[in-house]
Amino acid sequence: MRLAPDGSSYLTSSSVQDSKTPFSLALYHVSEELGFILPEPLEELPPYYQPWMEIAMRVPELVHSHKLRPLVNKMPLLSSQFLQRHRELRLAHLALSVMTMGYVWQEGENDTVEMLPHTLAVPYWEVSQRLGLPPILTHADAVLANWRKKDPEGPFDMENLELLVTLPGGDSVRGFFMVTLLVELAAVPALRSIPIVIDGVRCGDTDAVAKALEDISQSIQDMTEALKLMHVYVEPSVFYGIMRIYLSGWKDNPCMPRGLVYEGVQIEPMEYSGGSAAQSSLLHCFDELLGVNHETKSGAFLTRMRDYMPPAHKQLIQAISVQPSLRSFVQQQASKRLSQAFELCVTRLLALRSYHINVVSRFITVPAARARQLRKQSQDSEGEMISRAPTALEERGTGGSGIMTFLKTVRDQTRETFLTETSKEMKHHS
């Protein structure tokens, strides 16, 4: 049995809500104030787990001095049984994840390991099983459960937030994870509006649905604004040249074609995808609500990314997907306000996805081209950092997807959700 934050057991996958009761986010451990973000993550584990925390807090310097692997190899085997509460398990998973990424990628792409030592692999596997998360660093770890306020009474903003644990890459790592956290925060009003839409469609309340959709479109626009902070707080050459490998997994990764053996767990190697924006539950919820249809390979990748989310959040996406169709409801009502509100939501979602392509281009495609050029000229000085970046990942996202093709396909599938052909045509050039 898995424990929820309040100590109760998680829903089983069959327990989708009854259509007669109002739709509730609380059933899926989604907070009214913070959405999918873990409220008040713990900063410390019980003293017994000090050996883990001492290493996890020092991963960047230990990687830099090439001392992380020897230290992990000497680490005592600790039992996970003293981790009782959900927040303890989440902090343990975060700490073990960061250690694992540092251990695997300490020497870059050319000297990877084939086995994670049992003192790390066994407890990591146990904690992962209890949480229903895979044994690799996920969005739920690095972003949703990896924050604290410097001043507990202060605002939830860049100046007042810091990471609990970090990876090589200095301030850009903090910037990358914190900006992503602020995107999650910007989405909270939209999440709160989803039950209003669902209940409104069920009982035919056109005005309530239109108002909720207007709120959702505003919230999606705020997410795009938050995402723009990437350009302020993250240095592209640091992201591409240093950080990205530590977010990469051992599935669809030429550096680790056989995956990774978790010693003491099973003899066969296992493959897991690295961190990806597709592991955030937000866009999955909006897609299911608006009826965005992701077919083909991109749809399969998105569906697979749901296995990297906390189970309750994955169940929320599933619950939204089985509700009566909002798009059909909008088409059946003769309400101009409702149609416009729906179209605006799709427009804003399209704009968010287009902006994400712009960000990925700046942080991956452009540095990749520059790195290729530098390697041809074998210049080392100015562009040394990006020319040392892993060549195997050049055109791939950290989740292992062929990134630009994937993002453009997903954007184009969003465009197909417009109600009228004229909208689709008009937005084709935006």
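In short, a report on the structure. (Residues numbered from 1 in each chain as written. Predicted model: local features only at pLDDT ≥ 70, side-chain atom pairs only at ≥ 80, totals over all residues. Heavy atoms only, no water.)

1. Details of helix H14 (residues 311-321)
The criterion, for reference: Between buried and exposed lies partly exposed: a residue is buried under 20% and exposed over 50% of the maximum accessible area for its type, with that area taken using a 1.4 Å probe on protein chains only. Helix numbers and strand numbers start at the N terminus; a helix is a DSSP run of H or I with at least 4 residues, a strand a run of E with at least 2. Note on definitions: a residue-residue contact is assigned when non-hydrogen atoms from the two residues lie within 4.5 Å.
Counting buried positions over the 11 residues of H14 gives eight, a clear majority of the element. All of the buried residues along H14 are Pro 311, Ala 312, His 313, Gln 315, Leu 316, Ile 317, Ala 319 and Ile 320. Looking at the buried side of H14, the elements it contacts are helix H5 (118-131), helix H8 (188-203) and helix H12 (281-290).

2. Side note on the pattern of salt bridges
Applicable threshold: One speaks of a salt bridge when a side-chain nitrogen belonging to Lys or Arg is within 4 Å of a carboxyl oxygen belonging to Asp or Glu.
A full pass over the atoms with the stated rule returns 16 salt bridges. Across the salt bridge formed by Arg 306 and Glu 288, the nearest N and O atoms sit 2.9 Å from each other. Taken together, the residues Arg 306 in the loop between helix H13 (296-305) and H14 and Glu 288 in helix H12 connect sequence positions 18 residues apart. One salt bridge connects Asp 307 with Lys 314, and the closest N-O pair in it is separated by 2.6 Å.

3. Examining the packing of helix H7 (residues 171-186) against helix H9 (residues 206-227)
How we decide: Axis lines are fitted through C-alpha atoms, for helices just across the contact stretch, and the angle between N-to-C directions can take any value from 0 to 180 degrees. An angle counts as roughly parallel when it lies under 35 degrees, as roughly antiparallel when it exceeds 145, as roughly perpendicular when it falls between 65 and 115, and as oblique in every other case. Three categories are distinguished: nonpolar for Ala, Val, Leu, Ile, Met, Phe, Trp, Tyr, Cys and Pro, charged for Asp, Glu, Lys and Arg, and polar for the others, with Gly belonging to the last.
Remark: H7 packs on H9, axes separated minimally by 8 Å, with the N-to-C direction vectors making an angle of 170°. Relative to H9, the element H7 lies roughly antiparallel. When H7 is examined against H9, the residues Val 179, Leu 182, Val 183 and Ala 186 are found in contact with a partner set consisting of Ser 219, Asp 222, Met 223, Ala 226 and Leu 227. Tallied by class, the residues present in the contact of H7 with H9 amount to seven nonpolar, one polar and one charged.

4. Examining the side chain of Thr 417
Relative to the assigned elements, Thr 417 resides in the loop between helix H18 (403-415) and helix H19 (421-428). Here Thr 417 falls in the buried class, since its relative accessible area comes to 2%. Those residues in contact with Thr 417, other than ones at most four positions away along the chain, are Leu 290, Gly 291, Val 292, Arg 327, Phe 342 and Val 346.

5. Notes on the packing of aromatic side chains
The cut-off we apply is this: In summary, the pairing rule links any two rings of Phe, Tyr or Trp, Trp by its six-membered ring, whose centres are within 6.5 Å, and it sorts them by plane angle into stacked for under 30 degrees, edge-to-face for over 60 and tilted for everything else. A ring is considered to have a charge above it if a Lys NZ or an Arg CZ atom is located within 6 Å of its centre and within 35 degrees of its normal.
Tallied over the full model, the rule gives 10 aromatic pairs. Taking 5.1 Å as the distance between ring centres and 40° as the angle between the ring planes, the aromatic pair formed by Phe 176 and Phe 239 counts as tilted. Remark: Phe 239 occurs in helix H11 (residues 236-243) and Phe 176 occurs in helix H7; sequence separation between them is 63 residues. Members of the aromatic cluster, each reached through a chain of ring pairs, are Tyr 48, Tyr 49, Trp 52 and Phe 82. Residue placement shows Arg 69 over the ring face of Tyr 103; its charged tip is 5.9 Å from the ring centre.

6. Let's talk about the packing of H9 against helix H16 (residues 336-377)
How we decide: A crossing counts as left-handed when the near helix is turned anticlockwise from the far one by less than a right angle, and as right-handed when that turn is clockwise.
Close contact between H9 and H16 brings their axes to 8 Å; oriented N to C, the two are set at 15°. As the angle between them shows, H9 and H16 are arranged roughly parallel. H16 is crossed by H9, and the crossing has left-handed handedness.

7. Observations regarding the environment of Arg 258
We apply this condition: Any pair of nitrogen or oxygen atoms within 3.5 Å is treated as a polar contact; in protein, a donor-acceptor pairing is required on top of that, and neighbouring residues in sequence qualify only through side-chain atoms on both sides.
Mapped onto the elements of the fold, Arg 258 is located in the loop between H11 and strand S4 (261-262). Judged by its relative accessible area of 54%, Arg 258 is exposed. Taking the C-alpha atoms as reference points, Arg 258 and Glu 271, separated by 13 residues in sequence, lie 7.7 Å from one another. Ignoring sequence-local partners within four residues, the contact set of Arg 258 consists of Glu 114, Pro 269 and Glu 271. At 2.5 Å, the side chain of Arg 258 forms a polar contact with the side chain of Glu 114.

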